[in-house]
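Residues per chain, in single letters:
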Amino acid sequence: MMGGSVAQHRGNEALEASDLDYTYMRMTWLYDAKRTDYVASPKGEPFLGAQISRYAIAQFVVDNLTGKRNDVRASIGLWEPGSENKAKPDFY
């Protein structure tokens, strides 16, 4: 489940203050499907989705590694298009 804690925020702050190359992925509910589309929102933008497939997460990682995206030193929220503002994921 999504939520924040003091320890988590301290870890994020330490990561952001470091000189490491990182991509911090903030995901919503995961489920199994062969759907690879995703919406990526940077830190500070609204996080609206209720679900995302594991295949879509893998696609995001591949897109970052192959240069289709460049989310280095970024905190990215990931969700599935069409799941915006749902109270819960479809499979719940």
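Provided above is the structure to which this section pertains.
Each chain has its residues counted from 1, running along the sequence as written. Only residues with pLDDT of at least 70 get local features here, since the model is predicted, and only at 80 or more are side-chain atom pairs given and counted; chain-wide, interface and lining totals rely on the full set of residues. By convention in this description, side-chain values take in all heavy atoms of the structure and omit both hydrogens and water.

A. Structural detail: the overall build of the protein chain. Helix and strand content of the protein chain: 2 helices and 5 strands. Here the C-alpha radius of gyration of the protein chain, 14 Å, is about what a compact globule of 92 residues would show, namely 12 Å. Seen through its C-alpha atoms, the protein chain measures out along the principal axes to roughly 40 × 35 × 20 Å. Using a 1.4 Å probe on the protein chains alone, a residue whose accessible area is under 20% of its type maximum counts as buried, one over 50% counts as exposed, and one in between counts as partly exposed. Expressed as a percentage of the 92 residues in the protein chain, the buried residues total 28%. Note on definitions: a residue-residue contact is assigned when non-hydrogen atoms from the two residues lie within 4.5 Å. A separation threshold of at least 6 residues defines the contact pool for the protein chain, and within that pool the share at least 24 residues apart is 67%. Numbering of helices and strands starts at the N terminus; helices are DSSP runs of H or I of at least 4 residues and strands are runs of E of at least 2. Only the C-alpha atoms count toward the radius of gyration. The rule for a globule is 2.2 Å times the residue count to the power 0.38.

B. Looking closely at the nonpolar core. Grouped together as the largest cluster of nonpolar side chains are 8 residues: Tyr38, Ile52, Ala56, Ile57, Phe60, Ala74, Ile76 and Leu78. Those elements that provide at least two residues to this core are helix 2 (54-66) and strand 5 (74-79). Not counting chain neighbours up to four residues away, the residues in contact with Tyr38 comprise Ile52, Ala56, Gln59, Phe60, Asp63, Arg69, Leu78, Trp79 and Pro81. Think of a nonpolar core as a cluster: buried Ala, Val, Leu, Ile, Met, Phe, Trp, Tyr and Cys residues, connected wherever their side-chain atoms sit within 4.5 Å.

C. Representation of the pairing of strand 5 in the model. Burial analysis of strand 5 places 6 of its 6 residues in the buried class, the great majority of the element. Burial along strand 5 is two-sided: Ala74, Ile76 and Leu78 facing one way and Ser75, Gly77 and Trp79 facing the other are all buried. Should DSSP find at least two bridges between two strands, the strands are regarded as paired. With 5 bridges joining them, strand 1 (residues 23-27) and strand 5 adopt parallel strand pairing. For Met25, the partnering residue across the bridge sits in strand 5 and is Ile76. In this structure, strand 3 (residues 39-42) lies alongside strand 5, joined through 4 bridges in antiparallel fashion. Bridge pairing in strand 5 links Ala40 to Leu78.

Spatial relationships are all this shows, so hold off on functional conclusions.
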